[in-house]
Amino acid sequence: MTDTARPTHTIQGTVLTMPVRIRKADTHVAMFSVPADAAQRMIDYSGLRVREYLPGRAVTMLMLVRYIDGDLGKYHEFGTAVMVNPPGSAAKGPTALASAAAFIHHLPVNQGFTLEAGQRIWGFPKIMADFTVRENRTFDFDVSADDKLIAGIEFSPGLPVPSAFTSKSQVLTTYSHTGGVTREIAWEMKNSGMRARVGGARLRLGAHPYADELRALGLPKRAFATQSSANVEMTFGEATEIS
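The shown structure was predicted, so the numbers you read here are calculated from the model rather than taken from an experiment.

Caption draft 1: A look at the overall build of the protein. Each helix and strand counted, the protein has 3 helices and 16 strands in total. Taken against the 2.2 N^0.38 rule, which gives 18 Å for 243 residues, the C-alpha radius of gyration of the protein at 17 Å falls within 12% of a compact globule. In terms of overall dimensions, the protein has a C-alpha envelope of 50 × 45 × 45 Å along the principal axes. Relative to its 243 residues, the protein shows a buried fraction of 50%. Summarising the internal contacts of the protein: among those between residues at least 6 apart in sequence, 68% fall at separations of at least 24. In the structure as shown, the protein presents an accessible area of about 11400 Å², 53% of it carried by carbon and sulfur atoms. Across the protein, the mean location of the 26 positive side-chain charges is 7 Å away from that of the 23 negative side-chain charges.

Caption draft 2: A look at the pattern of salt bridges. Taken as a whole and judged by the stated rule, the model has 13 salt bridges. Among the ionic pairs, glutamate 135 bridges to arginine 66, the shortest N-O distance being 3.1 Å. In this pair, glutamate 135 sits in strand β9 (residues 130–135) while arginine 66 sits in strand β5 (residues 57–70), placing the two residues 69 residues apart along the sequence. Residue glutamate 135 is classed as exposed on the basis of its relative accessible area of 52%. The exposure class of arginine 66 is buried, given its relative accessible area of 14%. Beyond isolated ion pairs, a larger network of salt bridges with shared partners links Arg134, Asp140, Asp142 and Arg204.

Caption draft 3: Up close: the sheet that holds β9. Pairing within the open sheet is antiparallel, and its 4 strands lie in the order β9-β10-β11-β15. Whereas interior strands pair on both sides, the edge strands pair on one side only; in this sheet they are β9 and β15 (201–205). For this sheet, the mean inter-axis angle between neighbouring strands, taken without regard to orientation, is 10°. Sheet topology places strand β10 (residues 139–145) next to strand β11 (residues 148–155); 7 bridges connect them, and they run antiparallel. Residue aspartate 142 lies in a different strand from β11, and its bridge partner there is glycine 152.

Caption draft 4: Seen up close, the pairing of strand β2 (residues 14–17). In terms of strand pairing, strand β1 (residues 8–11) meets β2 through 4 bridges, oriented antiparallel. Looking at β2, one finds that isoleucine 11 is bridged to threonine 14.

Caption draft 5: Quick look at helix α1 (residues 36–43). Burial analysis of α1 places 6 of its 8 residues in the buried class, the great majority of the element. Looking at the packing, one finds that the buried side of α1 touches β3 (20–35), β4 (49–50), β5, β6 (75–85), β7 (101–109) and α3 (209–215).

Caption draft 6: Local environment of unusual backbone geometry. The omega angle of the peptide bond from methionine 18 to proline 19 is 0°, so this bond is cis rather than trans. Relative to the helices and strands, proline 19 is located in the loop between β2 and β3. Here leucine 219 and proline 220 are connected by a cis peptide whose omega angle stands at 5°. Following the sequence through the fold, proline 220 ends up in the loop between α3 and β16 (225–241). Although it is not a glycine, aspartate 146 sits at a positive phi angle of roughly 55°. Phi at aspartate 147 takes a positive value of approximately 60°, unusual for a residue other than glycine. Assignment of secondary structure puts aspartate 147 in the loop between β10 and β11. By relative accessible area, aspartate 147 is classed as exposed at 79%.

Caption draft 7: Spotlight on the side chain of histidine 208. With respect to the helices, strands and loops of the structure, histidine 208 is situated in the loop between β15 and α3. Note on histidine 208: relative accessible area 5%, which makes it buried. A polar contact of 2.9 Å, which involves the side chain of histidine 208, links it to the backbone nitrogen of tyrosine 210. Non-local contacts of histidine 208, meaning those with residues more than four positions away in its chain, are made with Ala145, Asp146, Lys148, Leu149 and Ile150.

Calculation criteria
- Residues numbered from 1 in each chain as written.
- Predicted model: local features only at pLDDT ≥ 70, side-chain atom pairs only at ≥ 80, totals over all residues.
- Heavy atoms only, no water.
- Helix = DSSP H or I, 4+ residues; strand = E, 2+ residues; numbered from the N terminus.
- Rg over C-alpha atoms; globule rule 2.2 N^0.38 Å.
- Buried < 20%, exposed > 50% of the residue type's maximum accessible area, 1.4 Å probe, protein only.
- Contact = heavy atoms within 4.5 Å.
- Areas by Shrake-Rupley, 256 points an atom, 1.4 Å probe, with all protein chains shown as cover.
- Lys, Arg positive; Asp, Glu negative; His and termini not counted.
- Charge placed at Lys NZ, Arg CZ, Asp CG, Glu CD.
- Salt bridge = Lys/Arg side-chain N within 4 Å of Asp/Glu carboxyl O.
- Pairing = 2+ DSSP bridges.
- Axes fitted to C-alpha atoms, helices over the stretch in contact; angles between N-to-C directions.
- Polar contact = N/O pair within 3.5 Å; in protein donor to acceptor, adjacent residues only side chain to side chain.

Next comes the structure, spelled out in C-alpha cells:
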C-alpha cells in the first residue's frame, strides 16, 4: 500500500499519515486492584464491562508516558486505564487478565498538538496539564490541571525483565469514549529495558475532580505491581466506532 492510499489527518496544518508512529518513549505504570462495581460505575458511560480478574475485583492502571520521538512530537501523558472485556466477551479470572483490553478514562497531556490529534483521530479524553518529574534514587512525578493536583506517584526501582519476554511486538486493543461514541483502537507496542516488581508505587491524590474519581475506587492504596520500560516503540492505527 502506498502512502497516498493510507488514511491521513491534518492537525494544525500538519498531515499525519496513518498509522501514527512513536519511535521512542518511556513508561512507568502502577497497577491497582479496585472494586469491580466502583470501576464499572466510573466507566458505565462507555457501554463496556470491566473484566473481573478475581470475584468482585478489577484492575485500574495509572501510567506516565514520556514521548521522546514520534509523529505527534515530544510530550508527557498521564493515563487512567481500566481493564475491560471487548464487546461480546464475558471472560473472568486471573488468566483472562492477559487478554483484557484497556479503556482510557483520563488522559492529560502537556502539548497542544497531541491534544488535538488525540481528540480528533481517536476520541481520547485528552486535557491540558502540567507535569513535574523528579529522577533521583526513585522516579517521582506530579500531574496537575487547572492549578490542582490530579495525582503524584513515586516509583521504586524494579528488577530487570529479560528481553526475551519483552522484545516481541504486541498487538493490543484500547477503547475510548467521547461525544457519545465508543471507539476501538488497535495498536502495536515493542518494549526494551523493562523492569517490574510487586508493589513499588506510592500514590498521592490532590484536589482535582479526576482525583475524586480515583478516590471513589478506594485509592490511594498500595499498587499490587509496577513496571517501567526505558525504550518503547508504538504504532496507532485508525479508530473504529463500535457504538
